Amino acid sequence: MEIILNFPCISILLAMFSAIISSALNGKWAKYLNTFVVTAVGVLSAFTFWYTYTTKNSYTYVMGHYPAPYGNEIRFGSLEAGMALFFAVIMLLSLNGGRKKIRLEIAPEKEKLYYIMINLLLSSLLALVYTNDIFTAYVFVEINTIAACGLIMITEHGRTIEAAVRYMIMSLLGSGLFLIGICLLYDMTGHLLMVYIHSSITKIMAAGTYQIPLLVTIGLIVVGLAIKSALFPFHAWLPDAYGYSTVSSAAMLSSLVSKGYIFLLIKLIYRVIGFRRFYESGIVNVLFVFGLAGMIMGSLYAIRENDIRRMISYSSVAQIGYIYMGFGLGTSIGMVASIFHILSHAATKSLLFVSASGLTDVSGGHKEFQELTGAGYRNKAAGAAFTVGAFSMVGIPCFSGFISKLLFAQAAIQTSGKTLPTLIVLAISTVLNAIYFLKTVIRIYTPVKDDKYEAVSSGKNMLYLVTLVCFIVLNLALGMISQPITDWISYGVTALI
Amino acid sequence: MGENLAQNYGEVVAMVLFGIGFTNLLLQKNMIKKIIGLNIMDTAVYLFLAEKGYITGHIAPIIVNNDFSPDTYINPVPSGLVLTGIVVSVSVTALMLSLTIRLYRRYHTLDLDEVSKRLKKEGL
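In what follows, the accompanying structure is described. Not measured: the values here are computed from a predicted model. (Residues numbered from 1 in each chain as written. Chains lettered and ligands numbered in written order. Predicted model: local features only at pLDDT ≥ 70, side-chain atom pairs only at ≥ 80, totals over all residues. Heavy atoms only, no water.)

**Digging into the overall build of chain B**
When you go through chain B residue by residue, the secondary structure sums to five helices and zero strands. Listing each helix as α and each strand as β along chain B from the N terminus yields α-α-α-α-α. Considered along the principal axes of its C-alpha atoms, chain B spans approximately 70 × 40 × 15 Å. By residue count, 34% of the 124 residues in chain B fall in the buried class. Considering only intrachain contacts with a sequence separation of at least 6, the fraction spanning at least 24 residues in chain B is 47%. On chain B, roughly 7400 Å² of surface is accessible, and the fraction owed to carbon and sulfur atoms is 63%. (Helix = DSSP H or I, 4+ residues; strand = E, 2+ residues; numbered from the N terminus. Buried < 20%, exposed > 50% of the residue type's maximum accessible area, 1.4 Å probe, protein only. Contact = heavy atoms within 4.5 Å. Areas by Shrake-Rupley, 256 points an atom, 1.4 Å probe, with all protein chains shown as cover.)

Structure representation (structure tokens):
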């Protein structure tokens, strides 16, 4: 079974080379190649996950001929492999759900470029998940940003160009801070591989030197990645980018791109900085405050919106707030809750975007709520899927969102000093979520007389229907069999070190 | 404190430049000025790395006369990082410039606030 150890490296290279090959193909073949690559990466990651999960071990894979501490490495345990598998599944489902829209909204000669960007996005996400070298991580963070920018602006709509510019500016600010952070870290420790940096930091701390530079460095890295993943005050680009790009892009941006950065941050916290040191640095409190603010403000913005896509986008701001709030609790159970919420939010948000596109299609392309009245009857599959997504976001039992809220609440109770604010904000945020999501569900199931829009039968677009069913099943699976998943996450987090 | 600053003036300059670049990228309204800010920020990081990798009296890490002694050469890793960083920053700058051209063709302005105003007027 030694061959499985090559799979993470193969999947990164597969995604990267398919991007290069796609540039010589036409749109149709690029699509087939992309579907094949995403599926293949999913299968390879599933094997890696199975192998690492059964052997309960982490593996280091040396890239090139220079051994550590000089060379470059990939390192993977079951958490990384599971994350890669999950990312591949979500990517495939988001693409399939928006396939028709891609054909309609993107100029035929640009379709090829879209799939190149998606292949690049996949390879950079996999690299962020697997890499053990911080400078490699920086390079792939930038590749991820460029690919995401391409996904936003491919529709060539005035709004999307502006959104892409704003996204790039915010992202570049974030990666500038991240870059100077890792340069300082290299300067202090003399290493680029995460494990060696960690041992150097332990020595530095024991000697009691470089306390302030280390604190500044941790701050720069955390803030840089927080800006890139659209934590609350840095979210200005988000609603336009998610709201006006094509639906597959929106689903992937909200559920994969920002989660890639967050997963990198988790790795850095555990493997480079060390969880205790991160906790003692006090930066957790900053993240906690911004997380709480995001939970409330994101929902308030979402309530004000009259556009369903922008409403879902603002809800992402709130959900990113949840994830950072879990970091901010500063306990490993809070971290487990955050990682579960990464999975749960990715599964739910892409479902919401894909189903909302079905609802707007049967409302003459309008995204305003008054036009959406009764849309749930006109497209029954999309209506049902949207309802599932909305219930999950609100946190109704059986759906994945309930479990993540439960885990956050449990984590809060075990954290002294932060219990009350967390529980109060969690309750307020749940009520606010319920206001705007249930409002939408009621709206789409309000019958209208003399409907001016035609209904579509769900059987007509089989791919869309199957995608929605897969999403619903994924959501229910996360909600119903959460115990093995949380066990896996809590084990995987300890194996990150 | 003052002595430290004087000794490490290269790093100090790098950090000041980083601040200038960062503020420009964040606060300027004009897209071209923003991109200039981005480049100043990235170059400041390279200056910092070059300063950190340099060892006084040592030469560039190119092996001559079969001299493998580490006492002859400077640390080659920061130089490698600078090269990689330059590649990244060139591609990002190119992308930003092409986005600016798109924006200018559509709205005939480089001012980002002006573009937002127009978008609101268009009511898209």
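**Structural notes on helix α2 (residues 9-27) of chain B**
Residue and element names in this part refer to chain B. Spanning 19 residues, α2 covers 27 Å between terminal C-alpha atoms, matching the ideal 27 Å at 1.5 Å per step. Along α2, the residues that are buried comprise Gly10, Glu11, Ala14, Phe18, Gly21, Phe22, Asn24 and Leu25. Considered in projection along α2, the buried side chains sweep an arc of 160° and stay on one side of the axis. In α2, the exposed positions that point more than 90 degrees away from the buried face belong to Tyr9 and Leu27. (Expected span 1.5 Å × (residues − 1). Arc of directions from axis to C-beta.)

**Quick look at the nonpolar core**
Met91, Tyr114, Phe327 and Phe386 of chain A together with Met96 of chain B are the most contacted members of the largest nonpolar core, which has 210 residues in total. A per-element tally of this core places helix α7 (residues 158-189) of chain A first, with 20 residues. Dropping the residues within four chain positions of it, phenylalanine 327 of chain A is found in contact with Ile262, Leu265, Ile266, Ile269, Val284, Leu287, Met335 and Ser338 of chain A. (Core = buried A, V, L, I, M, F, W, Y, C linked by side-chain atoms within 4.5 Å.)

**Observations regarding the interface of chain B and chain A**
As a measure of interface size, the accessible area lost when the parts come together is often cited. On the chain A side, the residues contacting the 33 residues of chain B number 31 residues. Summed over both sides, the interface between chain B and chain A buries roughly 3100 Å², with carbon and sulfur atoms accounting for 81% of that surface. Linking chain B to chain A there are one salt bridge. Across the pair lysine 52 of chain B and aspartate 187 of chain A runs a salt bridge, and its minimum N-O distance is 3.7 Å. Scanning the region where chain B abuts chain A turns up three residue pairs in polar contact (both at pLDDT 80 or more). If you list the elements that add at least two residues to the side of chain B that touches chain A, you get α2, α3 (31-53), α4 (76-107) and α5 (112-122) of chain B. For the side of chain B that touches chain A, the leading source of residues is α4 of chain B, giving 14 residues. Split by residue class, the side of chain B that touches chain A holds 25 nonpolar, four polar and four charged. (Buried area = accessible area lost by both parts, 1.4 Å probe. Salt bridge = Lys/Arg side-chain N within 4 Å of Asp/Glu carboxyl O. Polar contact = N/O pair within 3.5 Å; in protein donor to acceptor, adjacent residues only side chain to side chain. Nonpolar A, V, L, I, M, F, W, Y, C, P; charged D, E, K, R; others polar.)

**Section: the pairing of strand β2 (residues 72-76) of chain A**
All names here are of chain A. Burial of β2 is extensive: four of the five residues sit out of reach of the surface. When strand β1 (residues 59-63) meets β2, the two strands line up antiparallel, connected through five bridges. Residue pairing across strands places valine 62 opposite glutamate 73, the latter belonging to β2. (Pairing = 2+ DSSP bridges.)

**Some words on the environment of leucine 177 of chain A**
Looking at the element boundaries, leucine 177 of chain A is found in helix α7. Residues leucine 177 of chain A and alanine 19 of chain A, 158 residues apart in the sequence, show an inter-C-alpha distance of 29 Å.

**Some details on the packing of helix α15 (residues 332-361) of chain A against helix α18 (residues 380-394) of chain A**
Residue and element names in this part refer to chain A. Contact pair α15 / α18: the axes reach a minimum separation of 8 Å and the direction vectors enclose 145°. Handedness of the α15/α18 crossing: left-handed. Contact residues: His345, Thr348, Lys349, Leu351, Leu352, Ser355, Ala356, Gly358 and Leu359 in α15; Ala382, Gly383, Ala385, Phe386, Val388, Gly389, Ala390, Ser392 and Met393 in α18. (Axes fitted to C-alpha atoms, helices over the stretch in contact; angles between N-to-C directions. Left-handed = near helix turned anticlockwise from the far one by under 90°.)

**What about the environment of leucine 126 of chain A?**
Residues and elements named next belong to chain A. One can find leucine 126 in helix α5 (residues 111-130). Spatially, the C-alpha atoms of leucine 126 and glutamate 80 are 9.0 Å apart, while their sequence positions differ by 46 residues. Every residue in contact with leucine 126, bar those within four places of it in the chain, is listed here: Ser11, Ile12, Val41 and Ala84.

**Here we look at the pattern of salt bridges**
Overall, the coordinates contain eleven salt bridges over all chains when judged by the stated rule. A salt bridge links glutamate 305 of chain A to arginine 310 of chain A; its shortest N-O distance comes to 3.4 Å. The pair formed by glutamate 305 of chain A and arginine 310 of chain A is uniform in burial state, with each residue classed as buried. Between glutamate 11 of chain B and lysine 52 of chain B there is a salt bridge whose closest N-O contact spans 3.0 Å. One end of the pair, glutamate 11 of chain B, is in helix α2; the other, lysine 52 of chain B, is in helix α3, and 41 residues separate them in sequence. Its relative accessible area of 34% is what places lysine 52 of chain B among the partly exposed residues.

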